[in-house]
Amino acid sequence: DAVATARNILAAVCLVIALFSMLFGALYARNDFRSDLPYLRSLRGWPLSSAQLVGAEIAAASLTLFLVQVAFFALAWLLPTGPEIPGFAERTGMLLLLLLVAAVLDVLGVAVRNAIALFFPGWVRLGSDGGGVEAVGYNVLGTFGAFLLLMLLLLLPATAAGVALYTTVGIPTELSLAPVVAVVVFIALVALELRWLFRWLGSVFEDID
């Protein structure tokens, strides 16, 4: 009926928004170095190591973005109705996997944006200053550089996850574990990359004047 159709359309819109934010949300969640770097002296007064400070800055923006995604994914999970909609258990499994991937991509995307801000602060709008006309070109360069770096960081985890999915999809089990194995491999490799990235960016932060 009309109500069911409206609910399914709204669920699809919520899902698209959540997926879009996984790819581009890091551009808009800016409560990190992009807002705080102008207050460099205050940041260095915090009783945290450089790596911990980098992690805290990235976590602040990532958590903001993730909470928005949780709301949209929850609506996409709750709203659908009708015989063609997957069952509760299947939808819940898909929701959990999407939330795991979203959390990882959020942290990685925000980390990349902050890496650009620390390395090339002139390419990023810092604080509330909108910059002049020349800032537009630098922002485009920063966005393009962040996209390339993100793709490079995702290359190894995505390839390994694909290999894991291919090798486990044929294993006979009552429930298909292949997607779970692939997601676990993906998240584990991204976590290792993030650990290295936090330490590296911490050393970069220490050298900023």
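Undergrad: Would you mind showing me how to read the packing of aromatic side chains here?
TA: How two aromatic rings sit relative to each other is given by the distance of their centres and the angle of their planes. Taken as a whole and judged by the stated rule, the model has five aromatic pairs. Between the aromatic rings of F20 and F24, the centroid separation amounts to 4.8 Å while the plane-to-plane angle is 40°, which identifies the pairing as tilted. Taken as a pair, F20 and F24 lie in helix α1 (residues 2-24) at a separation of four residues, close to a single helical turn. Note on F20: relative accessible area 46%, which makes it partly exposed. Classification of F24 by relative accessible area gives partly exposed; the value is 36%. With a centroid separation of 5.6 Å and 50° between ring planes, the pair formed by W77 and F88 is classed as tilted. Taken together, the residues W77 in helix α4 (residues 50-78) and F88 in helix α5 (residues 88-119) connect sequence positions eleven residues apart. Grouping aromatic residues by their ring pairs yields a cluster made of F119, W196 and W200.

Undergrad: I would appreciate a short explanation of the side chain of Q69 in the present structure.
TA: Along the chain, Q69 turns up in helix α4. In contact with Q69, not counting residues within four places along its chain, are A18, S21, M22, A102 and D106.

Undergrad: Honestly, the nonpolar core in this entry has me stumped. Any pointers?
TA: Residues F33, L118 and F205 are the most contacted members of the largest nonpolar core, which totals 43 residues. Residue assignment for this core shows that the elements contributing at least two residues are α1, α3 (40-44), α4, α5, α6 (133-168) and α7 (178-207). Per element, the largest residue contribution to this core is 13 residues, and it comes from α5. Setting aside anything within four residues of it in sequence, one finds F33 in contact with P38, L43, L53, V54, E57, N114, L118, L126 and F205.

Undergrad: What is the right way to look at the pattern of salt bridges in this model?
TA: Pairing between side chains of opposite charge can happen when the charged atoms of each approach one another. Under the defined criterion, the tally for this structure stands at one salt bridge. When the shortest N-O distance is used, the salt bridge between D32 and R34 registers 2.7 Å. Assigned by exposure class, D32 and R34 land together as buried.

Undergrad: Whenever I open this one, the packing of α1 against α4 confuses me. Can you help?
TA: Two quantities define a packed helix pair, namely the angle between the helix axes and the distance between the axes. The geometry of α1 relative to α4 is characterised by a closest axis approach of 8 Å and an angle of 155° between their N-to-C directions. Comparing their axes, α4 and α1 come out roughly antiparallel. Read as a crossing pair, α1 and α4 show a hand that is left-handed. Residues R7, A11, C14, L15, I17, A18, L19, S21 and M22 of α1 form the contact with α4, whose own contacting residues are L65, Q69, F72, F73, L75, A76 and L78. The class makeup of the residues in the contact of α1 with α4 is 13 nonpolar, two polar and one charged.

Here is what the cut-offs are and how they apply
- Counting of residues starts from 1 at the beginning of each chain's written sequence and follows it residue by residue.
- Totals for whole chains, interfaces and linings use all residues, but because this is a predicted model, local features are given only for residues with pLDDT of at least 70 and pairs of side-chain atoms are given and counted only at 80 or more.
- Side-chain calculation: all heavy atoms of the structure are included, whereas hydrogens and water are not.
- A pair of Phe, Tyr and Trp rings is counted when the ring centres sit within 6.5 Å of each other, with Trp represented by its six-membered ring. The angle between the planes then sorts it: under 30 degrees is stacked, over 60 is edge-to-face, the rest tilted.
- In DSSP terms, a helix is any run of H or I states spanning at least four residues, a strand is any run of E spanning at least two, and both are numbered starting from the N terminus.
- Exposure categories follow from relative accessible area, calculated using a 1.4 Å probe and restricted to protein chains: below 20% of the type maximum is buried, above 50% is exposed, and the middle band is partly exposed.
- Whether two residues are in contact is decided by their heavy atoms, any of which lying within 4.5 Å being enough.
- By nonpolar core we mean a set of buried residues, namely Ala, Val, Leu, Ile, Met, Phe, Trp, Tyr and Cys, connected to one another through side-chain atoms within 4.5 Å.
- Salt bridges are defined as contacts in which a side-chain nitrogen from Lys or Arg sits within 4 Å of a carboxyl oxygen from Asp or Glu.
- Under this scheme, a helix contributes an axis fitted over its contacting stretch, all axes are lines through C-alpha atoms, and angles between N-to-C directions fall in the 0 to 180 degree range.
- Roughly parallel means an angle under 35 degrees; roughly antiparallel, over 145; roughly perpendicular, 65 to 115; everything else is oblique.
- By definition, turning the near helix anticlockwise from the far helix through less than a right angle yields a left-handed crossing, and turning it clockwise yields a right-handed one.
- As a working rule, the residues Ala, Val, Leu, Ile, Met, Phe, Trp, Tyr, Cys and Pro are called nonpolar, Asp, Glu, Lys and Arg charged, and the rest polar, with Gly in that last group.

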